[in-house]
Amino acid sequence: MTEFSLHRALPVAEVPEWHFDTDVVVIGFGAAGACAAIEAAEAGARVTLFERNSGSGGASALSGGEIYIGGGGGTDAQRAAGFEDTTEALAAYLKAAGGPCADEAKCDLYAQHSLAHYNWLKAQGVPYRGNYLPGKHIEPVDDSTLIWSGSEAAEPFCDIATPAPRGHVIQHAGWGGGRPLVDILEARTRDLGVEIVTDARAIALIADGERIVGAVLRIDNANHFVKASKGVVLATGGFVFNEEMRRKYCPETFKLSDPIGDKDDGTGILLGMGAGGDAIHMEQFFTTCPWTMPEPHAYGVFVNVAGQRFINEDCYHGRVSRYAVDQPGGKVYLLLDCAHFSQPLDIANMRIAGTGETWAEVEAELEMPEGTLSATMEFYNRHAREGRDPLFGKRQPILTPLEEGPFVALELDFHDSYFSFFTLGGLRTNIDGEVLDREGAPIAGLFAAGRCTSGLPAWGHGYSSGLSLADCTFFGRRAGAKAAQT
Ligand SMILES: Cc1cc2nc3c(=O)[nH]c(=O)nc-3n(C[C@H](O)[C@H](O)[C@H](O)COP(=O)(O)OP(=O)(O)OC[C@H]3O[C@@H](n4cnc5c(N)ncnc54)[C@H](O)[C@@H]3O)c2cc1C
């Protein structure tokens with residue numbers, strides 16, 4: 001009996017019969033797969049989409065549905081709020097957010113076409129109310145469109161790119177706009193005649209020499225051989241729930257306890273690697289703890305177990321959280337004064353670790369050496385009163401002295417507090433979604449998009465909300481279009 005492996009493509013000579021014959025096979029029905037299928041079908045290809053769950057969704061449907069968009073003079077929502085966002089500023093921000101892992105070609109291309117992509121999303125039926133919601137929000141609790149969703153207005157980003165809010169959220173009351181987003185994309189795939197097969201799990205690719213020509217799908221407990229005359233698009237999500245892969249490629253995540261996503265078992269990455277694809281930035285992950293809620297907590301100061309600050313706390317909550325996880329000692333503290341303290345969210349599981357009438361008393365309760373935390377806060381408050389943060393460049397209005405006792409230190413324990421996380425590394429692809437081998441050459445017939453690839457959200461320390469869905473939807477479209485052309 002033929003053995004199938006994620007790690008080795010099946011030679012076409014071993015295929016006993018074809019159960020499906022199509023042009024483009026898309027594997028995975030989240031945002032990336034849906035967009036790939038739409039573009040491939042629009043280009044006239046016969047498209048068959050296989051999803052192992054009983055319906056569309058994946059992590060995309062669990063998400064906030066927020067997409068990072070801007071440039072080109074600004075979207076309607078940006079312009080109405082007075083932000084004339086430029087393509088250059090968007091490209092510069094994307095590259096800074098990608099840090100050492102940035103794919104400059106993808107950043108430039110997305111910046112050039114982001115506005116058109118927004119119009120494309122609207123043309124698929126994705127609704128946007130068009131208004132701006134100022135302030136710091138993880139997601140709007142109402143149906144607002146535009147929020148600050150990254151570190152645009154904070155150092156060093158504000159010195160690199162003119163700041164503008166770019167988080168565009170589907171019109172949807174409350175959190176969880178991902179489900180309606182995927183529903184709209186699914187409806188579009190059906191209108192275009194994409195053949196959709198659910199409860200179908202990809203277990204191997206099929207190769208004819210160097211070229212990928214199909215896939216093996218497990219359906220109703222039987223193997224089905226699928227011929228793809230133009231190409232296979234992998235859109236299977238990340239690997240946050242595959243402990244073996246995390247141990248091998250992303251061991252830092254074992255400090256944390258709350259992976260988020262759907263099944264995210266890395267299948268697509270393994271299939272791509274098995275066909276000769278390169279996987280890059282596999283150590284990168286997004287994490288956040290909801291420490292900016294309730295909102296006054298956003299004015300707090302973070303210190304590590306040595307009583308030292310480590311970041312300007314006015315940047316994106318996920319960037320602060322990611323730097324926090326780098327600190328020694330397994331925990332950090334969020335310092336607040338009486339004017340800014342409220343009961344933390346239950347879900348955050350942050351406990352009060354120390355209180356005092358002075359910062360020196362808090363320092364003693366935390367059993368830190370004398371003159372550590374107290375000196376940090378004396379230095380911070382003295383300069384905050386003058387509107388300066390000489391160490392990290394935190395800016396007003398978030399920069400404010402914390403001098404109204406009693407004082408409190410909330411403990412964020414990496415293991416016990418709620419640090420949600422998902423992986424960012426994956427297959428190396430070019431701007432057309434072609435999977436590249438270790439020499440950088442495309443593997444014929446093999447495409448990938450979304451979190452089974454490394455894309456716009458390449459660096460955990462620079463992640464901004466909306467970058468993943470921007471990448472999935474835009475480069476999903478590119479992969480589908482290119483596969484259909486082949
Ligand atoms: C709670 C939460 C909130 C988030 N909010 C946002 C946000 O607002 N904005 C943002 O940009 N990002 C957000 N993210 C991140 C973002 O949702 C994901 O990174 C993104 O949706 C991944 O999309 P994808 O299409 O690559 O994968 P997915 O949406 O996970 O889709 C992959 C699909 O492939 C299927 N599949 C996997 N393996 C196989 C196989 N072998 N055979 C067949 N099918 C298979 C899966 O079942 C799944 O349906 C959020 C994530 C979470 C968990």
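Conventions we followed
Residues numbered from 1 in each chain as written. Predicted model: local features only at pLDDT ≥ 70, side-chain atom pairs only at ≥ 80, totals over all residues. Heavy atoms only, no water. Helix = DSSP H or I, 4+ residues; strand = E, 2+ residues; numbered from the N terminus. Buried < 20%, exposed > 50% of the residue type's maximum accessible area, 1.4 Å probe, protein only. Contact = heavy atoms within 4.5 Å. Areas by Shrake-Rupley, 256 points an atom, 1.4 Å probe, with all protein chains shown as cover. Lys, Arg positive; Asp, Glu negative; His and termini not counted. Charge placed at Lys NZ, Arg CZ, Asp CG, Glu CD. Pairing = 2+ DSSP bridges. Axes fitted to C-alpha atoms, helices over the stretch in contact; angles between N-to-C directions. Left-handed = near helix turned anticlockwise from the far one by under 90°. Nonpolar A, V, L, I, M, F, W, Y, C, P; charged D, E, K, R; others polar. Near = heavy atom within 4 Å. Polar contact = N/O pair within 3.5 Å; in protein donor to acceptor, adjacent residues only side chain to side chain. 1 Å grid on protein atoms, 1.4 Å probe; cavity = no way out; pocket = protein on both sides within 12 Å on 5 of 7 lines; lining within 4 Å. Points joined across faces, edges and corners; volume = space filled by probe spheres on them. Domains from an automatic or database assignment. UniProt positions renumbered as here; feature names shortened; annotations may be inferred. Salt bridge = Lys/Arg side-chain N within 4 Å of Asp/Glu carboxyl O.

**Student:** What exactly am I supposed to notice about the overall build of the protein here?
**Tutor:** Tallying secondary structure elements over the protein gives 13 helices and 22 strands in all. If you line up the protein on its principal axes, its C-alpha atoms span 75 × 50 × 40 Å. Residue burial in the protein is summarised as follows: out of 486 residues, 59% are buried. Partitioning the contacts of the protein with sequence separation of at least 6, the portion at a separation of at least 24 is 72%. Looking at the protein as shown, the accessible area adds up to about 17900 Å², and 49% of this sits on carbon and sulfur atoms. Distance between charge centroids for the protein: 5 Å, based on 39 positive and 64 negative side chains.

**Student:** I'm lost on the sheet that holds strand E7 (residues 167-169) in this one. Help?
**Tutor:** Sheet strands line up and pair through hydrogen bonds in the backbone, either parallel or antiparallel. Across the sheet, which stays open at both edges, the four strands sit in the order E4-E7-E6-E5 with mixed pairing between neighbours. If you trace the sheet from one side to the other, it starts and ends with strand E4 (66-68) and strand E5 (132-136), each paired once. Put simply, the sheet's adjacent strands are angled 30° from each other on average, direction ignored. Sheet analysis places E5 next to strand E6 (residues 146-148), joined by two bridges and oriented parallel. Bridge pairing in E6 links tyrosine 132 to leucine 146.

**Student:** Hey, could you run me through the packing of helix H4 (residues 87-98) against helix H5 (residues 104-124) in this one?
**Tutor:** When two helices pack together, their arrangement is given by the angle between their axes and by how far apart the axes lie. Contact geometry for H4 and H5: axes closest at 8 Å, N-to-C directions at 145°. Here the hand of the crossing between H4 and H5 comes out right-handed. Side by side, H4 and H5 meet where Thr87, Leu90, Ala91, Leu94 and Lys95 of the first sit next to Glu104, Cys107, Asp108, Tyr110, Ala111, Gln112 and Ser114 of the second. Here the contact of H4 with H5 is composed, by residue class, of six nonpolar, three polar and three charged.

**Student:** Honestly, the environment of tyrosine 93 in this entry has me stumped. Any pointers?
**Tutor:** Mapped onto the fold, tyrosine 93 is located in helix H4. On the accessibility criterion, tyrosine 93 (1% relative accessible area) is buried. With 283 residues separating them along the chain, tyrosine 93 and threonine 376 place their C-alpha atoms 31 Å apart. Non-local contacts of tyrosine 93, meaning those with residues more than four positions away in its chain, are made with Tyr68, Gly150, Ser151, Glu152, Phe157, Ala161, Arg166 and Ser464.

**Student:** In this structure, what is going on with the site of the ligand? I would like to understand it.
**Tutor:** Close to the ligand lie 38 residues; Glu51, Ser60, Glu66, Ser468 and Leu469 are nearest. Residue glycine 64 places a main-chain N or O atom 3.1 Å away from a nitrogen atom belonging to the ligand. Considered on its own, the ligand offers 1000 Å² of accessible surface; in the complex 93% of this is hidden by protein. Every element with two or more residues in the shell around the ligand is listed here: helix H1 (31-42), helix H2 (58-62), strand E9 (200-208) and helix H13 (467-485).

**Student:** What should I look at first to understand the layout of surface pockets in this one?
**Tutor:** Rolled over the atoms, a probe sized like a water molecule indicates the empty space that remains. The computed volume of the second largest pocket comes to approximately 440 Å³. Two domains share the lining of the second largest pocket, each providing at least three of its residues, namely domain 2 (66-169) and domain 3 (290-413).

**Student:** What is the right way to look at the UniProt feature "domain: FAD-dependent oxidoreductase 2 FAD-binding" (unreviewed entry) in the protein in this model?
**Tutor:** Cross-referencing UniProt, the feature "domain: FAD-dependent oxidoreductase 2 FAD-binding" (unreviewed entry) maps to residues 23-457 in the present numbering. The annotated region residues 23-457 carries 27% helix and 24% strand content, and the separation between its end C-alpha atoms amounts to 30 Å.

**Student:** Quick question: what am I supposed to make of the pattern of salt bridges here?
**Tutor:** When their charged atoms lie close together, side chains carrying opposite charge are able to pair. As enumerated under the stated definition, the model contains 26 salt bridges in all. For the salt bridge of aspartate 183 with arginine 179, the shortest nitrogen-to-oxygen distance reads 2.8 Å. Taken as a pair, aspartate 183 and arginine 179 lie in helix H7 (residues 178-191) at a separation of four residues, close to a single helical turn. A relative accessible area of 37% places aspartate 183 in the partly exposed class. A salt bridge links arginine 388 to glutamate 386, with the nearest nitrogen and oxygen atoms 3.2 Å apart. Under the relative-accessibility criterion, glutamate 386 is labelled partly exposed at 49%. One network of salt bridges, with partners in common, ties together Arg309, Glu313, Asp389 and Lys394.

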